[in-house]
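# Structural overview for review
Here is what each chain is made of, one letter per residue.
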Amino acid sequence: MTDLDFMQSALTEARLAAEAGEVPIGAVVVREGEVIARGQNRVLRDLDPTAHAEIVALRAAATALGNYRLPGCTLYVTLEPCAMCAGAMIHARLDRLVFAAADPKAGACGSVLAVLNHPQLNHQMAVERGILADEAAELLRGFFRERRER
């Protein structure tokens with residue numbers, strides 16, 4: 001499978017989040033070409049401010065691997081991670097992050113802050129952005145447009 005395929009899987013999770021009334025953000029963790037964990041926003045369902053799609057996926061991946069460190073793993077997420085999620089990715093020692101749409105309001109991977117790959121931090125990871133960005137951004141715009149109309 002390719003980055004495009006894995007981002008499609010993350011978008012599927014985002015659509016499921018939207019169907020549940022959550023902000024449509026989805027994530028998958030991949031290791032050795034296999035999806036080992038999935039996540040979607042669950043802050044409303046779980047009454048948990050930390051239940052962002054990335055955190056949900058990282059927790060599931062850690063459980064699947066039996067280790068909170070996730071070397072050799074790539075996280076695919078539909079929106080640029082916030083500072084909390086970027087910090088969690090550093091602590092998990094991910095190899096790579098791939099995100100779709102930039103977040104000009106809270107993005108911590110270059111849009112607002114640059115938490116990842118700060119030269120003083122002890123872990124660096126590859127970051128790729130923009131895969132299926134238009135589709136991910138439109139999913140978010142549509143969700144918030146519909147919410148405003150209600």
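Attention here is on the structure that accompanies the text.

What counts, and at which threshold
Residues numbered from 1 in each chain as written. Predicted model: local features only at pLDDT ≥ 70, side-chain atom pairs only at ≥ 80, totals over all residues. Heavy atoms only, no water. Helix = DSSP H or I, 4+ residues; strand = E, 2+ residues; numbered from the N terminus. Rg over C-alpha atoms; globule rule 2.2 N^0.38 Å. Buried < 20%, exposed > 50% of the residue type's maximum accessible area, 1.4 Å probe, protein only. Contact = heavy atoms within 4.5 Å. Core = buried A, V, L, I, M, F, W, Y, C linked by side-chain atoms within 4.5 Å. Pairing = 2+ DSSP bridges. Axes fitted to C-alpha atoms, helices over the stretch in contact; angles between N-to-C directions.

### Here's the deal with the overall build of the protein chain
What the protein chain contains, in helices and strands, is five helices and five strands. The globule rule puts the C-alpha radius of gyration for 150 residues at 15 Å, and the 14 Å found for the protein chain is close to it. Seen through its principal axes, the protein chain has C-alpha atoms that stretch 45 × 30 × 30 Å. Here the protein chain holds 150 residues, and the buried ones make up 45% of them. The contacts in the protein chain between residues at least 6 apart in sequence include a share of 56% that link residues at least 24 apart.

### Looking at the nonpolar core
The biggest cluster of nonpolar side chains holds 43 residues, and the ones touching the most others in it are M7, V29, L70, L75, M89, L94 and L97. If you list the elements that add at least two residues to this core, you get α1 (3–19), β1 (26–31), α3 (53–65), β3 (73–79), α4 (83–92), β4 (96–101) and α5 (133–149). Here this core gets six residues from one element, more than from any other, and that element is α3. When residues no more than four places from it in sequence are discounted, the contact partners of M89 are L58, L75, P81, L94, L97 and M125.

### Topic: the sheet that holds strand β5 (residues 126–129)
By way of backbone hydrogen bonds, the strands of a sheet pair with one another, either parallel or antiparallel. Here five strands make up an open sheet; going across it, the order is β2-β1-β3-β4-β5 and the pairing mixed. The two strands at the open ends of the sheet, each matched to only one other strand, are β2 (34–40) and β5. If you compare each strand with its neighbour and ignore which way they point, the axes differ by 15° on average. In this structure, β3 lies alongside β4, joined through five bridges in parallel fashion.

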